[in-house]
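Results of the structural survey
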Amino acid sequence: MFGYGKLKLRGTDKRIVTDGPMLQDHESADPYGHQGLRKQPRAKVGKLAFYYRDLGKDYYVPYDYIDRSFIRISECQPDDSPAYYYYRLILVHEDREFANLIFNDESDAEQVLDRLKEIRPEIQVGFVPNQNNQKPKFM
């Protein structure tokens, strides 16, 4: 009645999709990585778009929107324990980072990066520093 529990996909153009071929593609997409206690996939690679979950919301990104992607490694140093690492898959459009997906395993992030490159070879891979050493711009 109110639409609770119904999947809503948010696009890069702020549109919300609740039915149609985009939702069907989301359901049949290949999952990568897991997050949270419910073990939902962190990202999905479909035929129509790239799907990811961030802060409890589901997003879709058409492949032609992604200009560049790379993996940023972050280190956490607890007080009396060995350091641990997590891996961020960064997606860039027009020199602005618009997605920052955290994976626990490097292999999951690498697999997504490889699949994106396989689907759309025009996607550049690797970090490119901004001019004047400015901090990255987020959308």
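Conventions and cut-offs
Within each chain, residue numbers correspond to sequence positions counted from 1 in written order. With the structure being a predicted model, the display of local features is reserved for residues of pLDDT at least 70 and the display and counting of side-chain atom pairs for 80 or more, all residues being used for whole-chain, interface and lining totals. Values reported for side chains reflect all heavy atoms of the structure, with hydrogen atoms and water molecules removed beforehand. Nonpolar side chains (Val, Leu, Ile, Met, Phe, Trp, Tyr) are joined into patches within 5 Å and like charges within 9 Å, using only residues with over 30% relative accessible area and no salt bridge. Computed with the Shrake-Rupley method and a 1.4 Å probe, the accessible areas treat only the protein chains shown as cover for residues. Salt bridge, as used here: a side-chain nitrogen of Lys or Arg that lies within 4 Å of a carboxyl oxygen of Asp or Glu. His is not counted, nor are the chain ends, whereas Lys and Arg count as positive and Asp and Glu as negative. We put the charge of a Lys on NZ, of an Arg on CZ, of an Asp on CG and of a Glu on CD. Per-residue accessibility, obtained with a 1.4 Å probe over protein chains only, is compared with the maximum for each type, and a residue is labelled buried under 20%, exposed over 50%, and partly exposed between these values. Residue-level confidence of the predictor is summarised by pLDDT, bounded by 0 at the bottom and 100 at the top. Numbered from the N terminus, helices here are DSSP runs of H or I no shorter than four residues, and strands are runs of E no shorter than two.

What follows concerns a negative patch on the surface. On the surface, a cluster of negative charge is made up of Glu106, Glu110, Asp114 and Glu118. Looking at Glu106, the relative accessible area reads 35%, which means it is partly exposed.

The subject of this paragraph is the confidence of the model for the chain. Chain-level statistics for the chain give a pLDDT mean of 83 and a share of 86% at 70 or above. Per-element averaging of pLDDT across the chain places strand 3 (residues 30–35) at the bottom with 80 and helix 2 (residues 106–119) at the top with 91.

What follows is about unusual backbone geometry. Despite not being glycine, Glu94 shows a phi value in the positive range, around 50°. Within the secondary structure layout, Glu94 lies in the loop between strand 8 (84–93) and strand 9 (96–103). Its identity as a non-glycine residue notwithstanding, Asp95 has a phi of 60°, on the positive side. Looking at where Asp95 falls in the secondary structure, it is placed in the loop between strand 8 and strand 9.

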